[in-house]
Amino acid sequence: MYKGIDVSEHQGIIDWTKVSNEIDFAILRAGYGRKHLDEQFKRNAAECERLGIPYGAYWFSYAFDTDLAFEEANCICTLLKEYNPTMPICFDYEYDSWDWAKKQSPDISYDDVIEITETFLSHVEGQGYYAMIYTNMDWLNRCFYRLTSRYDTWLAYWAGNDPGRKYGILQYSSTGKIPGISGAVDL
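In this text, all values refer to a predicted model and were calculated from it rather than measured experimentally. Every chain is numbered independently, its residues counted from 1 as its sequence is written. Under the rules for a predicted model, residues below a pLDDT of 70 receive no local features and side-chain atom pairs below 80 are neither given nor counted, while totals for whole chains, interfaces and linings still include all residues. The side-chain quantities take in all heavy atoms of the structure and omit both hydrogens and water.

Asks: For this particular structure, what's the right way to read the overall build of the protein chain?
Replies: A run of DSSP states H or I qualifies as a helix once it reaches four residues; a run of E qualifies as a strand once it reaches two. Both are numbered from the N-terminal end. Looking only at helices and strands, the protein chain features six helices and eight strands. Along the protein chain, helices and strands appear, N-terminal first, in the series β-α-β-β-α-β-α-β-α-α-β-α-β-β. Taken over C-alpha atoms, the radius of gyration is set against a globule rule of 2.2 Å times the number of residues to the power 0.38. The C-alpha atoms of the protein chain give 16 Å as radius of gyration, which agrees with the globular expectation for 187 residues (16 Å, within 12%). C-alpha atoms of the protein chain, sized along the principal axes, occupy 45 × 40 × 30 Å. Here the protein chain holds 187 residues, and the buried ones make up 49% of them. Sequence-distant contacts, at least 24 apart, represent 61% of the contacts inside the protein chain between residues at least 6 apart. For the protein chain, the distance from the average position of its 17 positive side-chain charges to the average position of its 28 negative side-chain charges is 2 Å. Here's how the labels work: a residue is buried when its accessible area is under 20% of the maximum for its type, exposed when over 50%, partly exposed in between, all with a 1.4 Å probe on protein chains only. In this analysis, two residues are considered to be in contact whenever any of their non-hydrogen atoms come within 4.5 Å of each other. For this count, His and the chain ends are skipped, Lys and Arg are scored as positive, and Asp and Glu as negative. Throughout, a charge is located at the NZ atom of Lys, the CZ atom of Arg, the CG atom of Asp or the CD atom of Glu.

Dropping the structure here:
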């Protein structure tokens, strides 16, 4: 089993030299919504590359239609041209994404979320990256199960037992402790 972390600006300035002795890979938040870059992404990516830590990235989506999903995908792909990630590039759609979408487009459906997700992931794939869905069991059961035959899943599942679902990456904790990172980190 490989040990990885999920980090963003919420972890502040990370001492990647210390972290590199504790992990096998990292998934870095690149940004969210319309062109909002994560304040620590560039530093985190540069440090992973400097230390030879395999890493991927994710975009936290606020898309409520396929045009916005394409825009978000284009943002992450444009940003990644400066870097060399070797792990998946992920689409992160969660409860906050849904709540925002419902405020902007009250008639949005789970079918729409599937189209939004496919738009993002197919654009990422078209740029030569390995595309993956980040989700939890609730969203997997709501709609993302329909995409699991096409895309791998990074599954957030903290129950401690076997989730009973296929996944590529399992996020098993949101309260991990890693030397070089102040506070909790997703493992």
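Now that the structure has been shown, the text picks up again.
Asks: Explain helix 2 (residues 41-51) to me, please; I cannot follow it from the model alone.
Replies: The α-helix winds at 3.6 residues per turn, so residues separated by three or four positions along the chain end up facing the same way. Within helix 2 the residues assigned to the buried category are Phe 41, Asn 44, Ala 45, Glu 47 and Cys 48. Buried positions in helix 2, seen along its axis, are confined to an arc of 165° and lie on one side of it. In this structure, the buried residues of helix 2 make contact with strand 1 (4-7), helix 1 (16-20), strand 2 (25-32), strand 4 (55-60) and helix 3 (66-80). In the segment just after helix 2, Gly 52 is the residue with positive phi, at about 70°. It is the directions from the helix axis to the C-beta atoms whose arc is reported.

Asks: Sorry, what's going on with the environment of Tyr 110 here?
Replies: Inspection of the secondary structure puts Tyr 110 in helix 5 (residues 110-126). Its relative accessible area of 30% is what places Tyr 110 among the partly exposed residues. Each C-alpha atom, one on Tyr 110 and one on Ser 20, is 39 Å from the other, the two residues being 90 residues apart in sequence. If we ignore the near neighbours within four places in the chain, the residues touching Tyr 110 are Trp 98, Trp 139, Arg 142, Cys 143 and Arg 146.

Asks: Explanation requested: unusual backbone geometry in the structure shown.
Replies: Its identity as a non-glycine residue notwithstanding, Lys 35 has a phi of 65°, on the positive side. Mapped onto the elements, Lys 35 comes out in the loop between strand 2 and strand 3 (36-37).

Asks: Would you take a moment to explain the state of the cysteines for this structure?
Replies: Chemically, a disulfide is nothing more than a covalent bond linking the sulfur atoms of two cysteines. The disulfide criterion is simple: two cysteine sulfur atoms within 2.5 Å. Per the counting criterion, the structure on display carries zero disulfides. Cys 48 takes part in no disulfide bond, and the closest cysteine sulfur, belonging to Cys 90, lies 14 Å away. Since its relative accessible area comes to 1%, Cys 48 is described here as buried.

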